[in-house]
Amino acid sequence: MTSFDAAFTGGWIRRFAASVRATEPELTALDQRAGDGDFGVNLTTGLTTALRMLDEAAADGEPEDASAPLLTTATAFLDSVGGTSGPLFGLLFQRLACAVRDAGPGLTTSGLAAGTREGLAVIQRVGEARAGDKTLVDALAPAARALGACPPDAPPDTALVRAAGGAWEGVRSTARLRARRGRASYLGDRVSGVPDPGAVGIGLFYASADGGVRALAPFLEGREQPSR
Amino acid sequence: MAPYFARAPESLVSDALEGFARAHPDLVEHDAEGGFVRALRGSPDRRVGLLSGGGSGHEPLHIGFVGAGMLDAATPGMIFTSPHNRQVFAASRAVARRDGVLHLVKNYTGDKINFGIAAERLADEGIPVARVLIDDDIASESEDIAVGRRGTGATVLIEKILGAAADAGAGLADLADLGTSLTGRSRSLAVASAAHTAPADGSPAFDIPGGRLEFGVGIHGERADRTVAHEPLDALLETMTDTLLGTLAPGRGDSVIALVNGLGSVTGLELYAVARELGRRLDRRGVELRRSLVGHFVTALDMRGFSLTLLLADDAITDWYDAPAHTPAWRR
């Protein structure tokens, strides 16, 4: 079974941070249309804290376990990020870290699939959002499905490309939805055509595993119109 | 325009928390780093720690009810803003007993999510945790409102009764069941003739024309779904009592505990006059008024209005309500 080490998961988080930093203005603009405008800043805050903690940990030597960078990121998001979406991302990272650790010490496709599935479950348990409510669940659920459909012994990077594809389809779907949760639910039809920023964040996370944000860029720049 | 007495709007909550701890050094301590207020002399024999919290601006809720016989800790957020999950997590770890910790949560999305995230983290650490979701406000009961009834005045009664039950040695599951049952037995309704003052600029948060009342107002500056004529008190109480009793449906001879709660700036004279009207109407309907609590308990900054809460009480509930408690805002 192919597995990757902590250098891969650490790199994944660092690429995610770079993706978010590169797209923060677009994320903020989306959240100003469909929320209260703090999502881009919250995501950046969490990742900046996570990178600082990863650097501190690296000074003591690279971790053995591929779950360690994910757990560090979880702690950063749960403890330092305000709002509601930020801490919900923290729960996803925490479930991923636990599942990867249990399947570990290396990162495997089965660990990723279990962690994403459990992350989706805990986010739905806490936030009570269902598929179709126009939240990050609409990107995370198809990512979990895509990972679950991968052969457990598939290489994790291949599986993550499939997860990113699933999340990306989910992001597209949120543009067509009417919000039923969160601030956007008070705005009714005024946010139709606008993808959910939390879903975009999930898409960025999975897309960052193998190098980045390219697949999402046209959408974030507004060049692609949602299909109706 | 009448701005708040504060160094600055942003520092009002943190300054007040520091002052609160200084004012009650024998009863509470403020853990500024953890973001919670904790009982110094809590009840030693409890098996379960009791924790509540929510946005500031509802004083004395929740910090005023931290102490012996009521809450072990409370997590205040910023004004009308839920506490961070980190505060709830830290406070829960600090006060959990051998049977764990019970969260008393008013039904608002932010509070539910942040207490929920903290609960997941606690479960991860092997600390048992359960939740009582308080949703007593009948004005927010509607098929159009998916999030359900808001949590308001019943919170203080439930904190008192659960505190006594916890002191009597109840375990986590029993306390959670009792709290859920108490919530089902409680309903509240609020009216306001003037909005609270916005802390940022000292202006009214919304306008209510003269001679009108917001009927079914909340505690966060959200307007009610209807504005009605400001009738004389006896007519207003007739409507409010009918509405509450219609929802709770007590039989003749049933007993209630009543809370007549000021939302911030009505006078004690008015609140006792309200209590008179309420008591007369309960008498007339054959509902026994076991206990009355009259004053400012769950406020909305300085909103000019009041809420009524009725809780159907049996003997056991009344005994727990009567049990001694000693907190900054409850000494009897």
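Residues numbered from 1 in each chain as written. Chains lettered and ligands numbered in written order. Predicted model: local features only at pLDDT ≥ 70, side-chain atom pairs only at ≥ 80, totals over all residues. Heavy atoms only, no water.

**Focus: the confidence of the model for chain A**
Residues and elements named next belong to chain A. The cut-off we apply is this: The predictor attaches a confidence to each residue, and that confidence, scored 0 to 100, is pLDDT. A helix here means a DSSP run of H or I that spans at least four residues, while a strand means a run of E at least two residues long, and both kinds are numbered starting from the N terminus. What makes two residues a contact is simply this: any of their non-hydrogen atoms within 4.5 Å.
Chain-level pLDDT for chain A is 86 on average; 87% of the residues reach the 70-or-more range. Per-element mean pLDDT across chain A ranges from 49 in helix H9 (residues 217-220) up to 97 in helix H6 (residues 137-149). Note on residues 221-228: pLDDT is under 50 here. Beyond four places in sequence and across chains, it has 12 contacts.

**Looking at the sheet that holds strand E12 (residues 304-312) of chain B**
Residue and element names in this part refer to chain B. Threshold: If DSSP finds at least two bridges between two strands, the strands pair. Only the stretch in contact is used when a helix axis is fitted, and all axes are lines through C-alpha atoms; the angle between N-to-C directions ranges over 0 to 180 degrees.
The 6 strands lie next to each other as E9-E8-E7-E12-E10-E11, forming an open sheet whose pairing is mixed. Since the sheet does not close on itself, it has two edges, and those belong to strand E9 (226-229) and strand E11 (288-295), each with one partner. Each adjacent strand pair in this sheet contributes to an overall mean axis angle of 20 degrees, direction not counted. Bridge count between strand E10 (residues 255-262) and E12: 7 bridges; the pairing is antiparallel. If you follow Val256 over to E12, its bridge partner there is Leu312. Helix H4 (residues 154-167) rests against strand E7 (186-194), E10, E11 and E12 of the sheet, and its axis sits at about 45 degrees to E12. Along the sheet, helix H8 (residues 315-322) makes contact with E10, E11 and E12, crossing E11 at roughly 30 degrees.

**Description of helix H3 (residues 109-124) of chain B**
Residues and elements named next belong to chain B. Cut-off, in case you're wondering: Here a helix's expected span is defined as the number of its residues, less one, multiplied by 1.5 Å. Relative accessibility decides the category of a residue: with a 1.4 Å probe and only protein chains considered, values under 20% of the type maximum give buried, values over 50% give exposed, and everything between is partly exposed.
Its 16 residues place the ends of H3 22 Å apart at the C-alpha level, agreeing with the 22 Å of an ideal helix rising 1.5 Å per residue. In terms of burial, H3 is a largely internal element, 12 of the 16 residues being buried. Within H3 the residues assigned to the buried category are Asp111, Lys112, Ile113, Asn114, Phe115, Gly116, Ile117, Ala118, Ala119, Glu120, Arg121 and Leu122. Positive backbone phi, approximately 80 degrees, marks Gly126, located one or two places after H3.

**What about unusual backbone geometry?**
Cis peptide bonds are those with omega within 30 degrees of zero, and the linkage from Gly104(A) to Pro105(A) qualifies with 10 degrees. With respect to the helices and strands, Pro105(A) occurs in the loop between helix H4 (85-103) and helix H5 (109-127). Cis rather than trans, the peptide bond between Glu59(B) and Pro60(B) has omega equal to 10 degrees. Inspection of the secondary structure assignment puts Pro60(B) in the loop between strand E3 (49-56) and strand E4 (73-79). With a phi close to 65 degrees, Glu128(A) is a non-glycine residue in the positive phi region. Structurally, the position occupied by Glu128(A) is in the loop between H5 and H6. We note that Lys134(A) has phi near 70 degrees; this positive angle belongs to a residue other than glycine.

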